[in-house]
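Residue-level structure breakdown
Listed below are the residues making up each chain.
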Amino acid sequence: MTLFRPTAEQIAALTHDDRPVCAFLYDLDALVRQVRSLVSALPPGADFFYAVKANNDPRVLRALAPHVGGFEVASAGEVRRVRAALGTSARIIMGGPARTESDVTTLLAHGVERLHLESIQAMRIANAVADATGAVLPVLLRVNLAGPVPGATLTMGGAATQFGIEEAAIPDAITVLRDCRALRFEGFHFHTVSNNRDAAGHAALCAAELALARRWAEEHGFDLKLVNLGGGWGVDYADPDWRFDAAGFARLLAPHLDGRTRVQFECGRIVAAYHGAYVCEIVDLKHAHGRAFALLRGGTHHFRLPSSWAHDHPFTIQPHEAWNHDWPRPEITNAPLTLAGELCTPKDILARDVTVPRARIGDRVVFLMAGAYGWDISHHDFLCHAHPERLFLTDGAIVPERAA
Ligand SMILES: *Cc1c(COP(=O)(O)O)cnc(C)c1O
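Keep in mind the model is a prediction, meaning the values are calculated, not measured.

1. A word on the overall build of the protein chain
Helices and strands together make up the secondary structure of the protein chain, namely 11 helices and 20 strands. In terms of overall size, the protein chain behaves like a compact globule, its C-alpha atoms giving a radius of gyration of 23 Å where 404 residues would be expected to give roughly 22 Å. Dimensions of the protein chain, computed from the C-alpha atoms along their principal axes, are close to 80 × 40 × 35 Å. For the protein chain, buried positions account for 55% of its 404 residues. Total accessible area computed for the protein chain in this model is approximately 17,100 Å², and 53% of it derives from carbon and sulfur atoms. Within the protein chain, one finds 39 positive and 45 negative side-chain charges whose respective centroids are separated by 2 Å.

Put into structure tokens, the structure is as follows:
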């Protein structure tokens with residue numbers, strides 16, 4: 001199984017005498033099973049990179065390193081993180097908007113193998129910095145498609161966004177790029193949607209992007225070495241057992257690949273989502289205006305994903321029998337329950353009006369699918385509550401942060 005559901009024993013082991021439970025548990029074995037299942041589905045000529053922003057913990061990077069082609073980063077900090085965790089051998093590619101001179105200096109110093117350019121200004125900066133150091137930097141042009149693109153939770157292209165160079169402006173960008181002697185133009189980058197659950201639709205989108213890249217290569221007379229088709233392979237937070245049909249996607253895409261142009265993917269969410277669980281103790285129960293609330297030790301400052309997506313995050317309740325108070329234990333049964341965190345804002349909600357069989361103060365709420373864009377996207381120090389424990393497991397044992 002690639003979905004990590006902590007066992008009752010693993011949850012019980014989080015209990016401390018002096019404080020309520022609040023912890024992320026990450027199962028690195030489940031992570032490896034997941035990435036292997038994705039990589040093994042790919043056709044020849046395709047490379048699978050991991051988008052570091054989904055979960056940049058060094059233990060995650062080290063677990064993934066033997067199974068992926070390399071790592072996609074979007075900042076100088078992520079470059080340094082990958083190098084600190086994995087040394088100089090890991091392959092790194094870099095994208096992202098708002099590029100600065102110091103980004104390019106850092107990527108050159110750390111041996112990043114390719115930069116994805118999102119604007120003419122970024123192109124000129126990269127060229128100037130590379131030229132000054134005598135380097136020739138391989139680049140892709142990131143495209144923001146003209147047409148609307150259906151079917152995903154987040155849209156980065158085919159719409160008015162800050163990402164990439166709009167399709168109509170690509171011919172001009174190619175012209176400018178030809179004069180950048182410190183840049184080597186290798187192809188195009190597309191990361192158009194995130195969380196696409198439609199494998200056939202995603203294959204059709206990628207095929208259309210490949211065709212567009214080939215058309216530009218023909219029209220402008222250059223060798224199309226590489227097309228990066230981004231990430232965006234979906235997960236379903238409403239159904240943790242559902243899986244993106246990676247094999248079907250690969251089968252539909254394979255006829256569009258040729259021996260001349262390599263393709264790369266750089267997925268984050270689908271790799272890292274399933275292996276993490278966030279476990280919070282219920283510290284209070286109350287009713288207000290006809291609604292039942294469970295107050296958790298924890299919240300969106302650790303796990304912002306459900307509020308950022310405005311969804312009810314999947315969870316289970318793990319009963320905890322001990323009750324050390326001399327007053328009756330509050331509980332609710334068979335009723336809709338809203339799970340709120342400990343922050344002083346009504347936005348600190350992780351699931352709303354979800355019917356549960358029973359919830360008591362002291363029980364543990366286990367949020368599943370918390371491994372990607374969880375801790376990593378959250379505002380940890382808002383209100384200065386204690387951080388959660390973050391425990392990484394392999395073979396049932398805890399992996400320390402600094403382990404080799
Ligand atoms: C975030 C991001 C990814 C990864 O996206 P997922 O939806 O997590 O697979 C890949 N490429 C770029 C440029 C990104 O910004």
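So much for the structure itself; the text now carries on.
2. Digging into the nonpolar core
If you look at the biggest cluster of nonpolar residues, it comprises 131 residues, and the most contacted ones within it are Tyr50, Leu141, Phe188, Trp233 and Phe265. A per-element tally of this core places helix 8 (residues 199-220) first, with nine residues. Counting contributing residues per domain, this core is built from domain 1 (8-25 + 275-403) and domain 2 (42-267), each supplying no fewer than three. When sequence neighbours within four positions are dropped, the list of residues in contact with Leu141 reads Leu117, Met123, Ile165, Ile170, Ala173, Ile174, Leu177, Phe185, Gly187, Phe188 and His189.

3. So, the domain arrangement of the protein chain
Each domain of the protein chain was delimited in the assignment, giving domain 1 (8-25 + 275-403) and domain 2 (42-267). A separation of 35 Å is found between the C-alpha centroids of domain 1 and domain 2. Across the boundary between the two partners, domain 1 contributes 18 residues, which contact 16 residues of domain 2. Carbon and sulfur atoms supply 59% of the area that domain 1 and domain 2 bury against each other, a total of about 1,600 Å² over both sides. For domain 1, the biggest contributors to the area lost against domain 2 are Trp309, Met369 and Tyr373; these three give 37% of the whole. Here domain 1 and domain 2 share one salt bridge between them. Among the salt bridges present, the one from Asp57 reaches Arg390, with a minimum N-O distance of 3.5 Å. For the side of domain 1 that touches domain 2, the elements supplying multiple residues, two or more each, are helix 11 (305-309) and strand 19 (389-394). Per-class residue counts for the side of domain 1 that touches domain 2 are 10 nonpolar, four polar and four charged.

Cut-offs applied
What you see as residue numbers is a count from 1 along each chain, following the sequence as written. Thresholds applied to this predicted model are a pLDDT of at least 70 for local features of residues and 80 or more for the giving and counting of side-chain atom pairs; totals over whole chains, interfaces and linings are not thresholded and use all residues. Based on all heavy atoms of the structure, the side-chain values leave hydrogens and waters out of the count. Secondary structure elements are defined from DSSP: runs of H or I of at least 4 residues count as helices, runs of E of at least 2 residues count as strands, and each element is numbered from the N terminus. Between the two quantities, the radius of gyration covers C-alpha atoms and the globule rule is 2.2 Å times the number of residues to the power 0.38. Between buried and exposed lies partly exposed: a residue is buried under 20% and exposed over 50% of the maximum accessible area for its type, with that area taken using a 1.4 Å probe on protein chains only. Accessible surface area values rest on a Shrake-Rupley calculation with a 1.4 Å probe, where residue burial reflects the displayed protein chains alone. Here Asp and Glu are counted as negative and Lys and Arg as positive; His is not counted, and neither are the chain ends. In plain terms, the charge of a residue is placed at NZ if it is Lys, CZ if Arg, CG if Asp and CD if Glu. In this text, buried Ala, Val, Leu, Ile, Met, Phe, Trp, Tyr and Cys residues form a nonpolar core when linked through side-chain atoms within 4.5 Å. Each domain's extent is set by a domain assignment, obtained either automatically or from a database. Contacts between residues were defined by any pair of non-hydrogen atoms, one from each residue, lying within 4.5 Å. Buried area is understood as the total, over both parts, of accessible area removed when two parts are fitted together, assessed with a 1.4 Å probe. A carboxyl oxygen of Asp or Glu within 4 Å of a side-chain nitrogen of Lys or Arg is what we treat as a salt bridge. Put simply, Ala, Val, Leu, Ile, Met, Phe, Trp, Tyr, Cys and Pro go in the nonpolar bin, Asp, Glu, Lys and Arg in the charged bin, and everything else, Gly too, in the polar bin.

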